Structure formats: C-alpha cells, structure tokens
Amino acid sequence: MGPPSLDKIRALQRNPRNIRNLCILAHVDHGKTTLADCLVATNGIISSRLAGKLRYLDSREDEQSRGITMKSSAISLHYTNGDQEYLLNLIDSPGHVDFSSEVSTAVRLCDGAIVVVDAVEGVCPQTQVVLRQAWLENIRPVLVINKIDRLIVELKLTSQEAYTHLQKILEQVNAVTGTLFTSKVLKEQAEREEEEEEELGGDQACDWSSRQEEADDSLLYFSPDQGNVVFASAIDGWGFSIQQFAHIYNQRMGIKAEVLLKTLWGDFYLDAKAKKIMKGAQAKGKKQLFVQLVLDNIWSLYDAVVTRRDKEKVEKVVTSLGIKVLARDLRHSDPKVLLSAICSQWLPVSQAIAVMVCEKLPSPLEMAAERVEKLMSVGARRFDSLPEHTQELKSTFLRCSSGEKEPLIIFVSKMFAVDAAALPQNRPRPLTQEEMAHRKELARQRHADRMAADSVDSSHSERTPQEGLPAQLDTAKVESLTLEGSKPEEKEAQQTFIAFARVYSGVAKKGQRVFVLGPKYDPSLGLSTLPEGVSSSDCVSDVPHLSCCSMESLYLLMGRELEELEEVPAGNVLGIGGLEESVLKSATLSTSPACPPFTPLNFEATPIVRVAIEPKHPSEMPKLVRGMRLLNQADPCAEVLIQETGEHVLVTAGEVHLQRCLDDLRDRFAKIEFSASKPIIPFRETVVRPPKVDMVNEDLGKQQKVAIIHKVKEEAPHSRLSDTLNVDSSGLVTLTTPNRLATVSVRAFPLPPEVTSLLERSTELIRTLEQINMSLREGRSLDVSPRTLEAIAGFKVQLESLLQGRKWRDVVEHIWAFGPRRYGPNILLNSVQSYQRPSLWQCLAGGVKAGEAGAQAAVIRDLDNSIVSGFQLATLSGPMCEEPLMGVCFSVEKWDIQSSFPPQHQDPLEEDCILRGTSGGRKGKGSGAEACEDGPIGAGLRPEAAADCYGPVSGQLIAAMKEACRHAFQAQPQRLMAAMYTCEIMTTADVLGRVYGVLGKREGRVLHEEMKEGTDMFIIKAVLPVAESFGFADEFRKKTSGLASPQLVFSHWEVISSDPYWVPTTEEEYLHFGEKADSANQSLKYMNAVRRRKGLYVEEKIVEHAEKQRTLGKNK
C-alpha cells in the first residue's frame, strides 16, 4: 500500500466519526517508537523491513544516537477496516522521565492512548505516571504487552510459565487503574456528603464500599476478552488480540467465535474427548485454552526458526499457514529475518493494533461531558459559575461540528521549532519539462563559451575579456555577491515556530484572525467589556489577557515532514504557523470571546537543574539572549531566568534534558559558542530543635545550648549594628532602628515537617488568599467562588489540626504573612500584645468593615507593610549561604515605635517606601548603614534631622526586621536542606552489589528492594541528593555494563543532619574527632560551595603548616 495522498487525508478529515486521535505512552525503552514504525509502515511511508530499525518519528540526531525519544511528534495515517476508512492521528511520546512534559502536551490533544508495557519488566515507575496522566485528562487507554519474544529468547520460559507471567502483568496494570478509580469515587462521594450535610444539617452515615460498588467500572480495566489488550513483539513484527485467534479457530475447528472470545483468556481448557470447552484447567492440571491454542503455536515457531533452525519444520509451518516467504529470507544467516517475514504475514502487529484502536478508542464525537467541563473550568472556578454564553459552548464541544456558524475553538499544547527550509512553501518543487530543457540549453551554452575561452590563443587573451567574457564574469560576480549577501539572512530566518494544536470546534482556515486567550482571561469580564457581536478581526486592546492574531499557515503533521493545508475541520490535530509573536508555550484560540481558557497542562516533572550561561565573546550577548528566548518558547518544561546578579540561568528537568537544551541552544537557536557553569544546586536553609546528644551520641545537657548562645554573643560585637542588637539566652532577638525610634523583638523556631509540606503543596491557594486580602485592604470588591472559599477553609482546618499543643495554641489566627514572595513555606506570627491587626482569614468571615481597626494609631497601620517586607527579604535569602528559608516560623513579640518624629516627614516617606516595596527597604538599609558609620554625629542630632539622615522610617524598619529575623535564625541550631531525587532502579542479581556501591558513594539511601516474581530482576527504590546526581546515570551504566539504568524524579527537600558550624565542645568529641575536627562535613562542603559560587566570604585555610614533610630514609 502506497502513502496516502493529501486529497485522501483532506477527505477523511471531514468525517470526525472515523477520526482517532491517539498517543503512544510507556516507560523508556518499552518499544513505543518501534511500534509506531510498524504502524507507519502500513501506509508505505517506510519499508516494513526497516520498521523498528529506522525509528522514523525520532527525527533528531541526538534521539537516534541515544536511542530514546525526546519530543512528541505526530503523523496522520490512513487505515481501512472492512468497508470503513479511518484517519489515525498518531502521536509518539517520550518515555524518559526528563521529558514527561512532552507526554502532557501529547495527552491533552488526544481522545485515546496506547499504553505499552514490556513483558519482562512489567509496570515501571513511568508506566504508572503515564496511566495517571491519561486518567487526569479523561482519555481512554488500551494496552499493548510488548517484547513477548524476550520471554522465549531471554528468560526461556515455557508457554505455561509465560501465561502466568502475562496474567501478573495485567493484574499490575489493572491495580494502578483501580487505585486511580477508587480515589476518584471516594473524592466525589466526599464532596456529595459535604453538600448533603450542609443541606440536612448533622452528620450522615456513609458506606464507602457500597458507593464504590455502585460506580460503573465496566470499561475501566484491561482484559483480553474485552478486546482492549494486544500481545505483541514489535521488533519481530507480530501481534495479536484474542479476536484474531477466535476468528482463526472458528474457521478451522468450527467453534463459535462468541464462545472462544469468552474462554480463550481465563481458566478454561479444551476436553479433546468430549470436544467441549470446560472450566477449571488449573485445578485439573490441564493447559489453559490460551496456552494450548495460542502460545504453544508461537513457542513452536520460535523453536523451529530461532532455536533449532529446522528447515523442514519451517517449511511445514509456512505451508500450513498458507503464506509465501521469499527464497532470500529462507537463506538469510540471521534467523530473525525469516521469523519477521513469517510473522508479519501471519499475525501483523499493525493490523491487530489498528483494529483495536478503531473499535475501542473513541472518536472526537464521543468526548465525555465531564472532560469538557474539566477543560473549561480554570483554577478554582466551577463550570456552573461560568457565564451563560460560556456554558452554551459545552454543546459545541460535544457536537464537534465543522459548520460555518460554529465558533472556532483551538488548543495549542506546545510550540516547536523547525528549519525554514523544511516548510512546504520553501521546499524545492519538481521542474517541468520546459524548465528542464531551458536549463539544459543554458548549461550547454555556458560549456561552449568556456571551451571557446580556453581555446583562444594567448596573444588574443588580452583582447578577449573586453569582448566576450565581461558580461559572463560580471554576471558570475553579481550571482556570487547575491549568494554571499543572502547567507546571513538565511541564517537569521532559519528557525520558525509551529504550534502543535487541535481543533475542537469550527473550521480553522488559513489567514483567519482569532482571539488568543491568556491563562488568566475571564470570559465574564470579556463579554461585559466587549461590544456584542465583536469579531476577532477587530483590534482588542482594552480587555486584559486577550489579544488577536492571524493563523498565517496551516500544516498537516507527517512526522519529519509538513504538508500545507487551506483549512482543517473540527476533531483534527494540526500545525499552525505565524503564532510565535502571540503564543509563548500553550494557549487557547477562539473566534468567540465567551470561550474560557483551557485548564493548564499537568507537568509531572519539576524543573530543578539550573546552569548559568554566558557567551565566550561578550559582544555576542544579544544573540545568546535571543537564543534563550527561542529555547524557552520551544521547550514546554525549560525555564529561562535572569537573576538579580545579571546571570542568565537555564532551568531544566534533569541531566539528559539539560544536555538537549544546551545542544539546541548552541546548534539551533543562538548559534554561538558559550560556556555553561556547573549545575547550580538549589538548597534551603532551616532551623531545628536543639539536639539532645552530641556527635558521639553522648547526652548533652545544657552544654551545647550555652555554646550556641555564647557563639552568637561573640559574633555580635563585630557587627555594625552591635549597639542596637540584643540576643537573650532564650533566643529572642531585639533590634532597634538606627534612629532609635522603633524596636522589634523576634524569635525563630522550626515548623513541624507536616506543616512545611502542606505550605509547599498549597502555594497557589496561599497566593489566591493574599490577592483576596490585598483587594480587601484596598477596599475593592472581589468575586470569590464558593469553591475557593471552601478550599481556603479546608486549608485553615488542616493547619489547625497539624499545629497542636501548648506552644502552637491559637497560632493560626495570629498568622501575619507567609514568605518568601508572600506564598512560601515560612510563617510570620503576630505575637505583639498591643497590636490587633485584621485576620489573614477575614475572607472566610465575609470580609471586614473599613473602620474595624480604627483603634490603632495611623503610624502602626502604615508601617505594618514594612514588617512584612523585612520578613519577605529575610526568608528570601538566609544567613548561611543566601538561599531561601524553609520551615521556619518567626514570631514578632515586641514592636514599639516612639512618636517623637514629626508627621510632616512621616507620610510621604512611608508611602514612598510602601509603594516601592523591596527597593525602598534596600535603600533604607543602605542609608542607615552609612549613617551609622558617622556614629556620634548622627546620635547627637535632633529626631527631625535623624529621620532625614537615616532615610525613610519605613525603610529603616524593613532593614531592622530583616536583620532581626536573620539574627533570630542564627540563634537557633541551623541546618541546610538538600533537594532529593527518588531513584527507581531495575537491575539483575549479577550487578546488585555494584548498584549499592554507586549509591553509597553518592550519599544515596536505599528505601526498599524487592524481586520481581518469575524473573531475576530486582527493583530498588532509593533517595539521592540532587547535588550528587550529575554523572550518576553514566557511572551507573559503566559500573553495571549497561544492565541497570536509574530513573530520577524530584521528590522532596530533606534536612542534612550534620551542622555546618559544628566544632567539638565536649570531652568525648575532642577525643573522637581531635582538636581540629577536620573530618569531612557534608553540610559545610555544600554551604561553602554555594558561598564560593555567589562570591560570599568563605572561611577556609588554604595552606596550613607549609613546610615540606621529609622522611628519615630519603632526603627528598
């Protein structure tokens, strides 16, 4: 079958009932791209012999060299099933954990997914991740158990053992799906129960198990008799479903196909005497029907072709199957070639999968209403709360109509870069006969002129240039100059961006103008602001998060190639050109302003690995900046930042992802030489409770605590603010502003780990809470959905339940702010007796009245923001190595302000600082420091002059609060927190010891290890610091000869137990560690590395005892 024509695909695009949008999902190296090759070969795009070797959809050079997929790519295939013709829009996705963001972009555009599982390795970590991603996007999966040939060739299992093994894999996959289903049922039931409680009042008894039984899970699980499982070996070209063998044995043995469908998989056997299918094969020691009729045939084929190479048996098999094998395949030295030739005709994998896809996966017309509502409900907004016009669009989604009056709705899941030369309009077109004849004539003429010039005598050579050749030479010069002049332009315009998108409603037309809806666009605001009947061709500038753009070109995605289209109807995947100025990474496009932006994509991988980049030649900095901007747009997971220091930082998901981004930046986007720093490892700073034992596990008593306080007191006199700072024995820090008019007392203590993790998980909710409080303070009314208020109330209840005990009594009501950036995992408490400020949770009580805090002086109300700003600055960069704080609670226990400064200086300065926020604080701090250097002069001035001399009062208070927080932090036992990876390793028993060796060398910690039943494979789960992970995968492969490969996923932050400032204090420590205590301190090593990178002071002895040691034997 030849490749489908463009006209054929255009015709198929108009029938959404026969369109299937699907993606292939799996763990790395489970055979996705090989399977995709087999499907691509059915359309004649590649040879069936090259399927699995060519890896057609891996178009990048690094994908081919590494042997893994790094980006999702789409191709449209034509398939005929009976009298029906189908269009399969297939998207191949990566399996490596670093590129799981590419899986998210693929899953959003699909209605179904093929989940591939390796028959030997079974369900792996990434298999669980992709099943969860498919579940979250409400798309229907089908299962392919691949690499069954490995059970025969590698594990050498019998057909009976293989059946048991396959059963276990199915159970594992169904267990993952069942867990997702159960959690969904319980969540829905909890919501329903809450609503009923509110309506009826009082507690209602709830039977969870009965609700779970009532829920419909008939289409949920994978089972061969349902037709949603295919057993395959993509590399050998074969695959089958139960239906195929039911059809074969129906024709051969006369057994009804319906009976075979129910009994081929399960505990059934064939009674040869009674000629009946009976139940209870396992109890009676009989072979299951699946083993007897299916697996035994495949095992005997492998035995004849691969193991024994029995030519006679092969000929019998070929004859009985009624297939033709070429003589060259029979003679081939590699038995796999003959095996592939037989299997691809007997049980072609592409046919089994294509039939399953067409019959079991939904078309765009069958999109679930639940999925539509989920896509349209952004953030905490419920579908019911959306405007009426927006809710009416739900029926448009479900109809998937391409009518002229239907609004156009498109979702762009990512932007990808292609070479401008690869675009269809720039591709060289084939020449016509006339053009070829004309070119031939020109070539002949040039050749004749050249020959004539060569044959001219030397005596006439001086005259010749003036007569015949100047025109040709001039033309040649002009052509060469034109070519040279055009080269830089080609280089500049070499990369162009195509949007990877899907049409959900209407018809996308080339050149059509559409609205670009930003993620924060509010359709109710858009409908109320815009005049009725406004179209996307009108320029819109007054609606926030709404812009217009033109779809300059539409493309059909064909793997490595693009084909130009004039229009694309609803239900199809397409590429859109000309959106690079309007869309950064993903967006919703529509011709209707009532359309809401789709919910943002779900990314499983967290960008954690950072590198700083600078060009080799400073003059090329603009090229680097432009290249990084393009890279940021081209990669859904990469982030590009400019730090306060001016460094350009690239943030990626892992080591492989980082390498790909750097290669792209060097070769495609910036096209310059640059140097990348060593990976910047993120750390967090925290405090812990004072330890009860020393470093040799001896009871401390009060000795360590006294040592810490003594250390702070020793350091304090050297500080510039020594005359304004006081630290008492309980860790309370009191600091006075330089003008002696304000005093702040702060105490720091650690938050429980459960509270810290809750704050980390709830960043979006805290940010929403902060926005609500800000609008209430400014007197603006904000429409908050009941769902958001419920979430905030639930968050508050969780905090109260976790903060129990005498120390934390009523703490939640006294929370002043969260930080850093007002939503981080640190808390500021208001413990000032004389200051009752409005509650952080005032939105739950229905808002506050304007005059509620009228009893407070105006000064305190105004300077409230300065205290919060100082706290934000302190938590953003801690005293250990200027890294953000985590899990620290600061309690403001005293805040006194003397009202001796005049009001005329106060208001404008304070307002100025509050408006400028952080910058005002820094200025204030600088001014104060300069003034302190003058010492007695400033001290002797009147208060009015002091206010001017030291800068704004609010600025001084910000600086004082920041310093108080830092000193309160230092008065407690300090610790570093390291980012940790969860490391999943699959390995054989032979190299288990080496695996433990590599983990131990890199500070890894094994959590548990288990052996997979029926195999010699071990699954090891460990945690590893991100700081030790670079080069980890390469070292692993080298040490284990490629038999083990780790999967690293960012997991959590963990406190490093060692104290970076530890020095021996007890007698036992002196005896054990010596006076210098110069043994390796991991925490100190990390802290000094960060300080050195940031240009901070590092206390280290470069040379100690510099004299050379000489031995008695040799005078060297």
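Residues numbered from 1 in each chain as written. Predicted model: local features only at pLDDT ≥ 70, side-chain atom pairs only at ≥ 80, totals over all residues. Heavy atoms only, no water.

### Focus on the pairing of strand β10 (residues 409-419)
The side chains of a regular strand alternate between both faces of the sheet. Taken across its 11 residues, β10 has 10 buried, putting it largely inside the fold. Where β10 lies against strand β19 (residues 587-590), 4 bridges are found, and the strand directions are antiparallel. When the sheet's bridge partners are listed, Phe-411 is paired in β19 with Thr-588. Strand direction decides the pairing type here: β10 and strand β11 (residues 495-505), joined by 10 bridges, are antiparallel. When the sheet's bridge partners are listed, Ile-409 is paired in β11 with Ser-505. (Buried < 20%, exposed > 50% of the residue type's maximum accessible area, 1.4 Å probe, protein only. Helix = DSSP H or I, 4+ residues; strand = E, 2+ residues; numbered from the N terminus. Pairing = 2+ DSSP bridges.)

### Brief notes about the pattern of salt bridges
Note that side chains of opposite charge can pair when their charged atoms are close. Following the criterion strictly, the structure yields 37 salt bridges and no others. A salt bridge links Arg-60 to Asp-664, with the shortest nitrogen-to-oxygen separation between them at 2.9 Å. Of the two residues, Arg-60 is situated in the loop between α2 (32-41) and α3 (61-66) and Asp-664 in helix α24 (residues 655-669); the sequence distance between them amounts to 604 residues. Of the charged contacts, one joins Glu-406 and Arg-399 as a salt bridge, the two residues approaching to 3.1 Å between their closest N and O atoms. Take Glu-406: its relative accessible area is 19%, and that puts it in the buried class. Take Arg-399: its relative accessible area is 42%, and that puts it in the partly exposed class. (Salt bridge = Lys/Arg side-chain N within 4 Å of Asp/Glu carboxyl O.)

### A short note on the environment of Pro-753
Residue position: Pro-753 is located in helix α26 (residues 753-761). As for Pro-753 and Gly-887, which are separated by 134 residues in sequence, their C-alpha atoms are 7.1 Å apart.

### Let's talk about the nonpolar core
Counting 104 residues, the largest nonpolar core has Ile-114, Ile-576, Leu-579 and Leu-650 as the members making the most contacts within it. Leaving out residues up to four positions away in the same chain, Leu-579 has contacts with Val-412, Met-415, Ala-499, Cys-549, Ser-550, Met-551 and Leu-589. In terms of nonpolar packing, the next biggest core, distinct from the first, is built from 57 residues, Val-120, Phe-222, Trp-238 and Leu-289 among them. (Core = buried A, V, L, I, M, F, W, Y, C linked by side-chain atoms within 4.5 Å. Contact = heavy atoms within 4.5 Å.)

### Quick notes on helix α9 (residues 242-253)
Look at α9: 16 Å from first C-alpha to last across 12 residues, which is about the 16 Å you get at 1.5 Å a residue. Listing the buried residues of α9 in full gives Ile-242, Gln-244, Phe-245, Ala-246 and Tyr-249. Buried-residue contacts for α9 involve β7 (238-240), α10 (257-263), α12 (289-307), α15 (335-346) and α16 (349-360). (Expected span 1.5 Å × (residues − 1).)

### Description of the packing of helix α35 (residues 992-1001) against helix α36 (residues 1032-1039)
Think of two packed helices as two axes; the pair is described by the angle between the axes and how far apart they sit. Across the interface, α35 lies against α36 with an axial gap of 10 Å and an inter-helix angle of 150°. As judged from the angle between their axes, α35 and α36 are roughly antiparallel. Crossing handedness for the pair α35 and α36: right-handed. Each of Arg-994, Val-995, Val-998, Leu-999 and Lys-1001 in α35 lies in contact with α36, whose residues at this interface are Phe-1032, Glu-1035, Phe-1036 and Lys-1039. Partitioning the contact of α35 with α36 into residue classes produces 5 nonpolar, no polar and 4 charged. (Axes fitted to C-alpha atoms, helices over the stretch in contact; angles between N-to-C directions. Parallel < 35°, antiparallel > 145°, perpendicular 65-115°, else oblique. Left-handed = near helix turned anticlockwise from the far one by under 90°. Nonpolar A, V, L, I, M, F, W, Y, C, P; charged D, E, K, R; others polar.)

### Comments concerning the sheet that holds strand β27 (residues 742-750)
Here we have 6 strands laid out as an open sheet, ordered β25-β26-β27-β30-β29-β28, and mixed in their pairing. The open sheet terminates on both sides in strands that have one partner only, identified here as β25 (725-727) and β28 (815-819). Across the sheet, the mean angle from the axis of one strand to that of its neighbour is 20°, orientation sign disregarded. Relative to strand β30 (residues 888-897), β27 is paired through 9 bridges, and the arrangement is antiparallel. Following the sheet pairing, Ala-742 is matched in β30 by Ile-897. Across the sheet, helix α34 (residues 953-970) touches β25, β26 (733-736), β27, β29 (826-830) and β30, and the angle it forms with β27 is around 35°.

### Concerning the state of the cysteines
For the structure on display, the rule yields 0 disulfides. Its sulfur unpaired, Cys-637 is 8.4 Å from the next cysteine sulfur, which belongs to Cys-661. (Disulfide = S-S within 2.5 Å.)

### Concerning the pairing of β11
Taking burial as the measure, the 11 residues of β11 include 11 buried ones, the bulk of the element. Inspection of the sheet shows β11 paired to strand β18 (residues 573-577) by 5 bridges, in the antiparallel sense. Counted as the bridge partner of Ile-498 is Gly-577 from β18.

### Section: the packing of helix α13 (residues 311-321) against α15
The contact between α13 and α15 brings their axes to 11 Å, and the two run at 15°. On the basis of their axis angle, the class for α13 and α15 is roughly parallel. Where α13 crosses over α15, the handedness of that crossing is left-handed. Of α15, the residues touching α13 (which contributes Val-314, Val-318 and Leu-321) are Leu-338, Ile-342 and Trp-346.

All we've got here are geometric facts, nothing functional implied.
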